[in-house]
2 protein chains.
Amino acid sequence: MLIHSASQLLTLAGGPQRGPRLGSLGLIVDGAVLVRGSHIEVIGSTTELLKQFPSEERIDASGRVVMPGFVDPHTHLVWAGDRAAEFEMRLQGKTYLEIMAAGGGIVSTVRATRQAGVDDLLAQARERARGMLRSGTTTAEAKTGYGLELQAELRQMEALLRLDAEGPLELAFTFLGAHAVPEEFKGDPQGYTRRVSEQMLPGLLDWWRAHAAQRPLPFVDVFCETGAFDLAQSRAILEAAQRLGFPLKIHADEFDNLGGAGMAAGLGAVSADHLVKTSPEEIRQMAESGTAAVALPCTPFGLAEAHYTPARAFVQAGGLLAIATDLNPGTAWCESMQFALALACRYLRLTPAQAVAAATINAAAAIGLHERVGSLEPGKQADLLLLSVGDYRHLGYRFGGNLVERVIKRGEVVV
Amino acid sequence: MLIHSASQLLTLAGGPQRGPRLGSLGLIVDGAVLVRGSHIEVIGSTTELLKQFPSEERIDASGRVVMPGFVDPHTHLVWAGDRAAEFEMRLQGKTYLEIMAAGGGIVSTVRATRQAGVDDLLAQARERARGMLRSGTTTAEAKTGYGLELQAELRQMEALLRLDAEGPLELAFTFLGAHAVPEEFKGDPQGYTRRVSEQMLPGLLDWWRAHAAQRPLPFVDVFCETGAFDLAQSRAILEAAQRLGFPLKIHADEFDNLGGAGMAAGLGAVSADHLVKTSPEEIRQMAESGTAAVALPCTPFGLAEAHYTPARAFVQAGGLLAIATDLNPGTAWCESMQFALALACRYLRLTPAQAVAAATINAAAAIGLHERVGSLEPGKQADLLLLSVGDYRHLGYRFGGNLVERVIKRGEVVV
């Protein structure tokens with residue numbers, strides 16, 4: 001398949017983009033891509049490729065941007081139920097305590113998720129995955145974290161593995177048993193920390209070897225935040241995970257700075273995410289480490305909060321910046337990386353080019369998949385988008401809509 | 001056509017919703033609508049209507065919300081070119097003056113629009129109209145205002161009339177010759193005010209009688225703002241329009257309070273729009289008048305500004321509140337009323353029910369079309385949406401996507 005005559009072909013070639021390199025689009029005017037099977041074989045100009053490969057099946061991308069599929073490196077894709085009623089209560093001026101008393105908050109999602117079977121979880125997640133795909137996301141990270149007990153967490157994980165096997169959305173997996181302290185451990189986060197470290201993580205490892213042995217181990221993530229897990233508890237969980245061989249992620253500094261980002265950098269985590277309140281010292285530590293910084297602008301937007309990740313400080317420090325949706329039922333039910341990108345331009349002060357890189361090659365790096373996806377280069381997976389516009393800057397400039405006209409995943413047109 | 005089994009049928013019956021009535025959805029659980037031709041004939045419960053009309057063609061809306069199509073009461077739908085480069089310059093830290101020096105700002109849209117023929121204007125507006133329709137907008141107001149000379153303004157108007165005739169998006173028309181002071185009148189807003197009042201408006205009236213005599217006269221609108229038209233100039237233009245019989249609208253208080261909203265209320269304008277900096281006294285004047293208050297939350301969002309219309313104050317004062325996208329190339333290229341609604345919940349502090357009413361029946365009232373569209377009632381036009389969800393509160397709660405699954409305009413499925 002030869003996709004040709006793209007008004008702008010964004011390759012994002014050259015690997016993850018640290019610091020001032022962020023925004024290197026590798027833009028080819030009147031570009032073309034030769035796809036064979038599930039992979040990219042050649043990238044070049046339309047003139048060259050039409051001459052070199054005269055008898056390939058063709059897709060005419062005139063007047064269109066062709067670019068890598070978006071990679072969404074932070075989602076809570078699998079849960080049961082919704083929290084629309086809680087959203088309404090918040091707008092009516094109800095307090096957090098009133099909402100909790102009415103059965104709201106993460107507790108309500110945990111309750112619904114624990115009660116749901118794998119088929120039900122899969123069906124609900126599938127709808128969201130379709131929405132993501134239609135918006136141009138071809139690869140996403142997806143977390144458990146609404147079970148908060150081993151079997152319920154594993155049902156979430158099983159739903160994710162089945163969803164990935166169904167395709168076309170490709171998933172990377174994260175175990176977030178330490179998303180919150182469950183009701184059974186109310187007032188005893190230390191006890192739940194031990195439960196996660198000593199029972200759930202070893203149980204996950206056994207289960208993974210039995211059910212997904214051919215796959216790399218999932219990430220282990222922890223919500224390091226006031227009201228969830230403090231720094232010492234977060235460290236205990238991440239170190240236990242590391243001893244078992246799991247790669248690491250962390251939720252840090254969404255509301256308070258507890259030191260989670262610096263710790264994650266020290267532990268060699270693949271990414272630290274949220275990072276609204278991260279200190280300048282930790283921004284430096286992260287930039288010096290290999291740990292990617294994942295900004296989640298949909299979350300402050302969802303909560304109508306004024307503070308966003310100081311993304312430019314991460315870039316200026318030489319860090320690796322990515323953006324994600326944080327798709328979740330409480331604060332940000334957003335399936336669209338295009339919208340995350342529109343927010344990134346306005347509230348993280350990224351240019352459209354920087355935001356595109358943060359949503360593709362850097363997002364792939366934040367889940368360790370940058371060798372396979374996130375850019376258009378010979379040998380990489382053929383995950384690409386045709387936009388309905390000819391100038392990539394319309395991503396960011398325009399908002400609230402969907403500029404993705406066609407989605408190709410592993411060489412097949414899927415939208 | 002019998003649309004039945006809607007998990008929630010939102011009728012919005014009972015007319016425009018002033019003050020505390022805002023948010024009266026007229027919700028029928030397991031509701032049904034009988035459409036005959038282009039109009040609604042009966043509204044009721046599924047059980048009743050299936051029994052009463054057993055042999056109608058059926059649409060099963062199980063698990064879905066059925067509601068009136070959105071009415072977008074403030075758009076600048078017709079222009080040529082785009083300002084993506086200017087958006088990028090702004091993010092790179094360029095000043096307003098630097099952007100102007102590089103040929104940016106409204107001047108650039110005026111230049112492109114003046115150069116475009118009617119066919120070209122129509123083709124570009126048609127794309128946007130499709131985007132609006134896919135997002136659930138079935139009726140919209142659309143303004144001229146990028147010509148700033150009579151013939152160029154009339155070409156915009158002709159494009160709008162042709163677009164409306166094509167359908168399915170139904171338009172209400174507004175002449176905004178006083179959108180900005182054109183370069184030919186630089187430093188002489190008073191001179192352009194006379195030009196608009198004494199030549200352009202009479203010219204518009206003659207043209208309308210020749211080209212659209214069977215239609216009601218369009219609205220005449222003015223941008224009453226620092227740097228555009230001051231209060232006296234705005235009044236001169238609106239009074240000249242009123243003498244010729246045109247109904248009135250105004251852009252007021254987007255950045256500065258010049259007194260435009262109070263003046264518009266005094267003149268009996270159909271609506272005053274923006275209203276970010278409106279004074280409490282003028283909020284009272286508007287509530288006592290018949291003038292609708294149209295909030296445009298996409299504009300501060302597009303500019304990443306912190307100040308939004310004090311919507312609750314308008315409601316508390318007993319006013320008629322509507323929301324719109326303000327679709328335009330400079331500050332808010334947003335085609336989706338769903339997104340305006342998501343902003344209205346977060347930044348205007350409306351509940352989803354209030355935002356739905358502000359986006360349907362009240363939006364229809366803000367363009368004088370509430371007898372025809374904006375609610376589902378026997379005798380009204382059959383403009384309705386099927387959402388992909390069963391709870392209307394997902395509008396607002398979720399964002400960045402499109403929950404509209406099917407659009408019916410004048411009784412025909414168009415999306």
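Residues numbered from 1 in each chain as written. Chains lettered and ligands numbered in written order. Predicted model: local features only at pLDDT ≥ 70, side-chain atom pairs only at ≥ 80, totals over all residues. Heavy atoms only, no water.

## Remarks on the pairing of strand β14 (residues 384-387) of chain A
Residue and element names in this part refer to chain A. By the alternation rule, side chains of β14 split into Leu384 and Leu386 and Leu385 and Leu387, which are all buried. Across three bridges, the pairing between strand β5 (residues 65-68) and β14 is antiparallel. Bridged to Met67 within β14 is Leu385. Summarising the sheet, β14 and strand β15 (residues 404-409) pair through four bridges and their orientation is antiparallel. When the bridges of β15 are listed, Leu385 appears paired with Val407. (Buried < 20%, exposed > 50% of the residue type's maximum accessible area, 1.4 Å probe, protein only. Helix = DSSP H or I, 4+ residues; strand = E, 2+ residues; numbered from the N terminus. Pairing = 2+ DSSP bridges.)

## Re the pattern of salt bridges
When the charged atoms of two side chains with opposite charge come close together, those side chains can pair. Following the criterion strictly, the structure yields 40 salt bridges over all chains and no others. One salt bridge connects Arg126 of chain A with Glu166 of chain A, and the closest N-O pair in it is separated by 2.6 Å. Highlighted residues: Arg126 of chain A in helix α5 (residues 118-134) and Glu166 of chain A in helix α6 (residues 150-166), separated in sequence by 40 residues. Under the relative-accessibility criterion, Arg126 of chain A is labelled partly exposed at 33%. Across the pair Asp391 of chain B and Arg393 of chain B runs a salt bridge whose closest N-O atoms are separated by 2.9 Å. Asp391 of chain B sits in the buried class, given a relative accessible area of 14%. (Salt bridge = Lys/Arg side-chain N within 4 Å of Asp/Glu carboxyl O.)

## Some words on the sheet that holds strand β12 (residues 292-295) of chain B
Sheet strands pair by backbone hydrogen bonding; their relative direction is either parallel or antiparallel. Residues and elements named next belong to chain B. Spatially, eight strands are ordered β6-β7-β8-β9-β10-β11-β12-β13 in an open sheet, and the strand pairing comes out parallel. Looking at strand neighbours, the two that pair on one side only are β6 (70-72) and β13 (321-323), the edges of this open sheet. Taken pair by pair, the neighbouring strands of this sheet meet at an average axis angle of 25°, ignoring direction. With three bridges connecting them, strand β8 (residues 170-178) and strand β9 (residues 219-224) associate as parallel partners. By the bridge assignment for β9, Phe175 is matched with Val220. (Axes fitted to C-alpha atoms, helices over the stretch in contact; angles between N-to-C directions.)

## What about the domain arrangement of chain A?
Residues and elements named next belong to chain A. Each domain of chain A was delimited in the assignment, giving domain 1 (2-69 + 375-413) and domain 2 (70-365). For domain 1 versus domain 2, the distance between C-alpha centres works out to 29 Å. Each side of the interface is counted separately: domain 1 has 34 residues, and domain 2 has 33 residues. Summing both partners gives a buried area of about 2,600 Å² for domain 1 against domain 2, and 63% of it is carried by carbon and sulfur. Where domain 1 meets domain 2, there are two salt bridges. A salt bridge links Lys409 to Glu170; the shortest N-O distance between them is 2.6 Å. There are 15 residue pairs in polar contact (both at pLDDT 80 or more) connecting domain 1 and domain 2. Only β5, α16 (394-397) and β15 provide two or more residues apiece to the side of domain 1 that touches domain 2. It is β15 that provides the largest number of residues to the side of domain 1 that touches domain 2, a total of four residues. (Domains from an automatic or database assignment. Contact = heavy atoms within 4.5 Å. Buried area = accessible area lost by both parts, 1.4 Å probe. Polar contact = N/O pair within 3.5 Å; in protein donor to acceptor, adjacent residues only side chain to side chain.)

## A look at the interface of chain B and chain A
Put simply, an interface is often sized by how much accessible area is lost when its parts join up. Between chain B and chain A, the residue contacts involve 40 residues of the former and 40 residues of the latter. When chain B packs against chain A, the two sides together hide about 3,600 Å² of surface, and 62% of this comes from carbon and sulfur. The three residues of chain B that bury the most area against chain A are Leu91, Tyr397 and Phe399 of chain B, which together make up 22% of that side's buried surface. Between chain B and chain A we count four salt bridges in total.

## Observations regarding the sheet that holds strand β6 (residues 70-72) of chain A
All names here are of chain A. Read from one edge of the open sheet, eight strands run β6-β7-β8-β9-β10-β11-β12-β13, paired in parallel fashion. Because the sheet does not close on itself, it has two edges, and the strands there are β6 and β13 (321-323). Averaged over neighbouring strand pairs, the angle between their axes works out to 25° when direction is ignored. Relative to β13, strand β12 (residues 292-295) is paired through three bridges, and the arrangement is parallel. Pairing of Ala295 across the sheet is with Ile323, part of β13. Most of the contacts of helix α13 (residues 337-347) go to β6, to which it runs at about 85°, and overall it touches β6, β7 (137-143) and β13.

## A few points about the packing of helix α9 (residues 260-267) of chain A against helix α10 (residues 280-288) of chain A
Residues and elements named next belong to chain A. As a packed pair, α9 and α10 sit with axes 9 Å apart at the nearest point and diverge in direction by 20°. When the axes of α9 and α10 are compared, the pair comes out roughly parallel. For α9 against α10, the interelement crossing comes out left-handed. Between α9 and α10, the residues in contact are Gly260, Ala261, Gly262 and Ala265 and Glu282, Gln285 and Met286, respectively. For the contact of α9 with α10, the class distribution of residues is three nonpolar, three polar and one charged. (Parallel < 35°, antiparallel > 145°, perpendicular 65-115°, else oblique. Left-handed = near helix turned anticlockwise from the far one by under 90°. Nonpolar A, V, L, I, M, F, W, Y, C, P; charged D, E, K, R; others polar.)

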